[in-house]
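Remarks on the overall topology
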Amino acid sequence: MPLAMLALTAVATTLRHGIVFDAGSSGSRIHVYTWKTGGGGPKDSFDLVEDDLLKIKPGLSAYKDKTSEAGASLRPLIEHAKKKVPAELVATTPVFLMATAGLRMVGEAAKDAILQSVCAELGASGFLFRCAWATLLDGREEGLFGWVTVNYLLDALYATTPPREPVGIIDLGGGSVQIVFPTAES
């Protein structure tokens, strides 16, 4: 096939970046995701290229008695992300923080103060961030996100040949447990 014809059949792809802070009971993790869109096929709108992960201790719940310091604890993770995301894309790269069991156990006032500190830090990071994007997940949401992640990685969320059935998961966290599995459709 001539090169000109190959060029016509190539489908354009775009690399994108996004950041998720997983604020668990045993530590805070940052996932710097890189994915491509385009290219056709079942993963045309999202095809994971890289999940760069870094974890620090302690978790945000350790700041329940010094809530104003919670946001600053994320600075090493923010700096790590700035090394992974091209400088010209930092301002358009969205950041989400999803807190789990550790923050569910500190009490409402401490949780709110910790999240305010986190909002201030992430808002000043240079990344695209809205305070509403810093959330406390309940156990159902936490389990669902874990289930989607595992089944995405196993290619069980897309039509494949041969078909792959979704699997169940058990997530044993530092302060909670989630069990998620597919059920028969009725």
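Notes on the structure in this doc start here. (Residues numbered from 1 in each chain as written. Predicted model: local features only at pLDDT ≥ 70, side-chain atom pairs only at ≥ 80, totals over all residues. Heavy atoms only, no water.)

**Some details on the side chain of His 31**
Put simply, the test is: Helix and strand assignments follow DSSP, with helices taken as H or I runs no shorter than four residues and strands as E runs no shorter than two, numbered in order from the N terminus. A simple rule labels every residue: compare its accessible area, found with a 1.4 Å probe on the protein chains alone, to the largest value its type can have, and call it buried under 20%, exposed over 50%, or partly exposed in between. Polar contacts, as used here, are pairs of N or O atoms within 3.5 Å; protein pairs need one atom able to donate a hydrogen and one able to accept it. Residues neighboring in sequence count only if both atoms are side-chain atoms.
Topologically, His 31 is positioned in strand E2 (residues 28–38). We classify His 31 as buried; its relative accessible area is 13%. A polar side-chain atom of His 31 sits 2.9 Å from a polar atom in the side chain of Asp 51.

**Digging into the packing of aromatic side chains**
For any pair of aromatic rings, the description consists of the separation of the ring centres together with the inter-plane angle of the planes. Formally: Geometry of aromatic contacts follows a simple scheme: Phe, Tyr and Trp rings, the Trp one being its six-membered ring, pair when their centres are within 6.5 Å, and the pair is stacked under 30 degrees between planes, edge-to-face over 60, tilted otherwise.
Counting across every chain of the model gives 4 aromatic pairs. Pairing Trp 35 with Phe 46 gives two aromatic rings, centres 5.4 Å apart and planes at 35°, and the pair type is tilted. In this pair, Trp 35 is assigned in strand E2 and Phe 46 in the loop between E2 and strand E3 (47–56), connecting sequence segments 11 residues apart. When its relative accessible area of 16% is taken as the criterion, Trp 35 is described as buried. On the basis of relative accessible area, Phe 46 is assigned to the partly exposed category, the value being 29%. Summarising the aromatic geometry, the rings of Tyr 152 and Tyr 158 are spaced 6.0 Å apart at their centres and angled 75° between planes, so their arrangement reads as edge-to-face. Given a relative accessible area of 10%, Tyr 152 falls into the buried group. Ring pairs connect the aromatic residues Trp 35, Phe 46, Tyr 152 and Tyr 158, which therefore count as one cluster.

**Here's the deal with the sheet that holds E3**
Operational definition: At least two DSSP bridges between two strands are needed for those strands to be called paired. All axes are obtained by fitting lines to C-alpha atoms, using only the stretch in contact for helices, and the reported angles, taken between N-to-C directions, cover 0 to 180 degrees. When checking whether two residues touch, look at their non-hydrogen atoms; a contact exists if any pair is within 4.5 Å.
Taking strand neighbours across the sheet as the criterion, the 5 strands line up as E3-E2-E1-E4-E5 in an open arrangement whose pairing is mixed. Pairing within the sheet leaves two strands with one partner each, and these edge strands are E3 and strand E5 (134–136). Across the sheet, the mean angle from the axis of one strand to that of its neighbour is 20°, orientation sign disregarded. Here E2 pairs with E3 via 9 bridges, running antiparallel. Residue Thr 34 lies in a different strand from E3, and its bridge partner there is Glu 50. Its contacts with the sheet place helix H2 (residues 75–84) against strand E1 (13–23), E2 and E3, and it is angled at close to 25° to E2. Against the sheet, helix H4 (residues 108–123) contacts E1, strand E4 (95–99) and E5, and its axis sits at roughly 160° relative to E4.

**Focus: the pattern of salt bridges**
Note the following rule: Salt-bridge detection follows one rule: a side-chain nitrogen of Lys or Arg within 4 Å of a carboxyl oxygen of Asp or Glu.
Applying the stated criterion across every chain, the model contains 10 salt bridges. Of the charged contacts, one joins Arg 29 and Asp 22 as a salt bridge, the two residues approaching to 3.7 Å between their closest N and O atoms. On the accessibility criterion, Asp 22 (25% relative accessible area) is partly exposed. Among the ionic pairs, Glu 108 bridges to Lys 111, the shortest N-O distance being 3.1 Å. Of this pair, Glu 108 and Lys 111 both sit in helix H4, 3 residues apart, which is roughly one turn of the helix. Overall, Glu 108 belongs to the exposed group, its relative accessible area being 54%. Three or more residues are tied together by salt bridges with common partners; here these are Lys 43, Asp 155 and Arg 164.

**Considerations on the nonpolar core**
Here is the rule we go by: Within this scheme, the nonpolar core is defined by two criteria: the residues are buried Ala, Val, Leu, Ile, Met, Phe, Trp, Tyr or Cys, and they are joined through side-chain atoms within 4.5 Å.
One finds Ile 19, Phe 21, Leu 60, Leu 74, Leu 97, Leu 122 and Phe 127 to be the most contacted residues of the largest nonpolar core, which totals 29 residues. Mapped by element, the contributors of at least two residues to this core are E1, E2, H2, E4 and H4. The element contributing the most residues to this core is H4, with 6 residues. Beyond its immediate stretch of four places on either side in the chain, Phe 127 contacts Ile 19, Ile 78, Ala 81, Lys 82, Val 85, Val 90, Ala 91, Thr 93 and Val 95.

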